[in-house]
Amino acid sequence: MKGLLLLLFSSTIFLLQGVCDCPEKCFCHPSSNSVDCSSQGLAEIPPNLPPQTLILHLQNNQIHQLSALAFRSVPRLIILNLSNNSLSNLAPEAFKGLQDLQVLNLTQNSLLSLENSLFHALPQLRELDLSSNNISYLPASLGKPWENLTMLAVQQNQLQHLDRELLEFMPRVKQLLLKDNIWKCNCHLLGLKLWLEKFIYEGGITDGVICGSPDTWKGKDLLIIPHELYQPCALPSLDLGYSQNQQPNSAYGGEDTKPPENHNSGHHIPLECEAKPKPRPANLRHAMATVVITGVVCGIVCLMMLAAAIYGCTYAAITAQYHDGSLAQTSESGKTGGKEMLESSTA
């Protein structure tokens, strides 16, 4: 009997050790429920991670990709650090099951783009750091989890545009880090400019957007470029080659075929348009012409007013002189008549 109890006890201890053992090359800290697997030359996510893990450090390794359900063994994760690896491929369901994850660090990897559904499984995500990658495009929307995001960092990437629609999905964001990209300051970035102005006015923190092109605005802060210097975005036009190829079919009554659709709806090619440089020569000519015309008109008006004033003064002087002469004649004739009357009365 004692032997049986001892065997059961030993088996229980063995099973508990198997469940709670720390993976090879990792250091587990039960007091904080954290696991540190950093700087171990790992090429994949370690197996048999303790299920109660809340903090997982995997930075400074050589992990190239994340498969679907890569973290299913640690569903309680709150903080995940994958910085300074070689990540270039993230499966759409790589983070599925991490319902409580709040902080995700993916800095210093080789990411080129992000799938629309990549973060759908992270409803509690608060901080996302994508700095120092090769990301050239962010989709217009990454789903409802962005509603809880308070910090987004995309510094040191290859971004040229950022859709305002994506920013509208982040109503609680307080910090947005955007610098050291190759921003193309044309009409497609006007939405970002308007959003940033409101964001800063409401107390948000950002490090600014420095234009990488066109040459007119290279090195300038996006926020200092006046709205008036942006040309409106032109409407998309059909491809010329496609329209030419379709003309024979339409002429002979053939079936109309639709232009090829871009099935990669997440990516779009922005229309080419540039922010208008300051039109100094044209404006200067127009201003000079306006000044000359205004001066001529004002001069003519002044001359007319002067002529009217001279005419008025001359007319007043002549009228006054005429009235003075009439009064003098009247007074003389009165005196003569009075003298005659006096002489006749004396006689």
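Predicted, not measured: the structure shown is a model, and the values here were computed from it.

1. What to know about the state of the cysteines
- Going through the model one piece at a time under the given rule, you end up with three disulfides.
- Residue cysteine 22 pairs covalently with cysteine 28 via a disulfide, S to S 1.9 Å. Across the disulfide from cysteine 22 to cysteine 28, rotation about the S-S bond amounts to roughly 90°, and the bridge is consequently right-handed.
- The class for cysteine 22 is partly exposed, based on a relative accessible area of 30%.
- Between the sulfur atoms of cysteine 185 and its disulfide partner cysteine 211 the distance amounts to 1.9 Å. Residues cysteine 185 and cysteine 211 are joined through a disulfide that is left-handed, its torsion about the S-S bond being -100°. Placement of cysteine 185 in the loop between β11 (183-184) and α3 (190-201) and of cysteine 211 in strand β13 (residues 211-213) is noted, with a sequence separation of 26 residues between them.
- Here cysteine 298 stays free of any disulfide, with the sulfur of cysteine 302 as its closest cysteine sulfur at 6.4 Å.

2. Topic: the nonpolar core
- Ranked by size, the top nonpolar core spans 61 residues in total, and within it Phe71, Leu80 and Phe95 carry the most contacts.
- Here this core takes four residues from α3, the largest share from any one element.
- Dropping the residues within four chain positions of it, leucine 80 is found in contact with Leu56, Leu58, Phe71, Phe95, Leu98, Leu101, Val103, Leu104 and Asn105.

3. Digging into α3
- The terminal C-alpha atoms of α3 lie 17 Å apart, and with 12 residues this matches the ideal 16 Å at 1.5 Å per residue to within 8%.
- Residues Gly191, Leu192, Lys193, Trp195, Leu196 and Phe199 constitute the buried set of α3.
- The inward-facing, buried residues of α3 contact α2 (164-168), β10 (175-177), β11 and β12 (205-206).
- In the stretch just after α3, glycine 203 is the one whose phi turns positive, near 100°.

4. Observations concerning the sheet that holds strand β8 (residues 127-129)
- Overall, mixed pairing links the nine strands, which are arranged β1-β2-β3-β5-β7-β8-β9-β10-β12 in an open sheet. Strand pairing shows two members of the sheet lacking a second neighbour, β1 (27-29) and β12, which therefore form its edges.
- By the bridge criterion, three bridges tie strand β5 (residues 79-81) to strand β7 (residues 103-105) in an arrangement that is parallel. In the sheet register, leucine 80 faces β7, and the bridge partner there is leucine 104.

5. Side note on the packing of aromatic side chains
- All told, the structure shown has four aromatic pairs when counted by the stated rule.
- Relative to tyrosine 315, the ring of tyrosine 311 has its centre 6.4 Å away and its plane inclined at 20°; by these criteria the two rings are stacked. In this pair, tyrosine 311 and tyrosine 315 both sit in helix α5 (residues 280-346), four residues apart, roughly one turn of the helix. The same class applies to tyrosine 311 as to tyrosine 315, namely exposed.
- Site record: aromatic cluster; members linked through ring pairs are Phe71, Phe95 and Phe119.

6. Topic: the side chain of threonine 107
- Residue position: threonine 107 is located in the loop between β7 and β8.
- We classify threonine 107 as buried; its relative accessible area is 12%.
- Apart from residues no more than four positions distant in its own chain, threonine 107 is found in contact with Leu82, Ser83, Asn84, Asp129, Ser131, Ser132 and Asn133.

7. As for the confidence of the model for the chain
- Mean pLDDT over the chain works out to 79, with 70% of the residues at or above the 70 mark.
- A low-confidence stretch, residues 1-19 stays under pLDDT 50, and its non-local contacts, those more than four residues away or across chains, total one contact.
- Ignoring residues within four places in sequence, the model shows residues 238-271, a span with pLDDT below 50, making 23 contacts including any to other chains.

8. Thoughts on the environment of tryptophan 146
- Structurally, tryptophan 146 is set in the loop between β8 and β9 (151-153).
- Overall, the relative accessible area of 4% leaves tryptophan 146 in the buried class.
- For the pair tryptophan 146 and leucine 128, spaced 18 residues apart in sequence, the C-alpha to C-alpha distance is 9.8 Å.
- In contact with tryptophan 146, other than residues within four places in its own chain, are Phe119, Leu128, Leu152, Phe169, Met170 and Pro171.

9. Notes on unusual backbone geometry
- Residue proline 214 is reached from serine 213 by a cis peptide bond, and omega for that bond is -5°.
- Relative to the helices and strands, proline 214 is located in the loop between β13 and α4 (240-251).
- One non-glycine residue, lysine 25, adopts positive backbone phi at about 70°.
- Tracing the chain through its elements places lysine 25 in the loop between α1 (2-20) and β1.

Reading the values: rules and limits
- Residues numbered from 1 in each chain as written.
- Predicted model: local features only at pLDDT ≥ 70, side-chain atom pairs only at ≥ 80, totals over all residues.
- Heavy atoms only, no water.
- Disulfide = S-S within 2.5 Å.
- Buried < 20%, exposed > 50% of the residue type's maximum accessible area, 1.4 Å probe, protein only.
- Helix = DSSP H or I, 4+ residues; strand = E, 2+ residues; numbered from the N terminus.
- Core = buried A, V, L, I, M, F, W, Y, C linked by side-chain atoms within 4.5 Å.
- Contact = heavy atoms within 4.5 Å.
- Expected span 1.5 Å × (residues − 1).
- Pairing = 2+ DSSP bridges.
- Phe/Tyr/Trp six-rings, centres within 6.5 Å; stacked < 30°, edge-to-face > 60°.
- pLDDT = per-residue confidence, 0-100.

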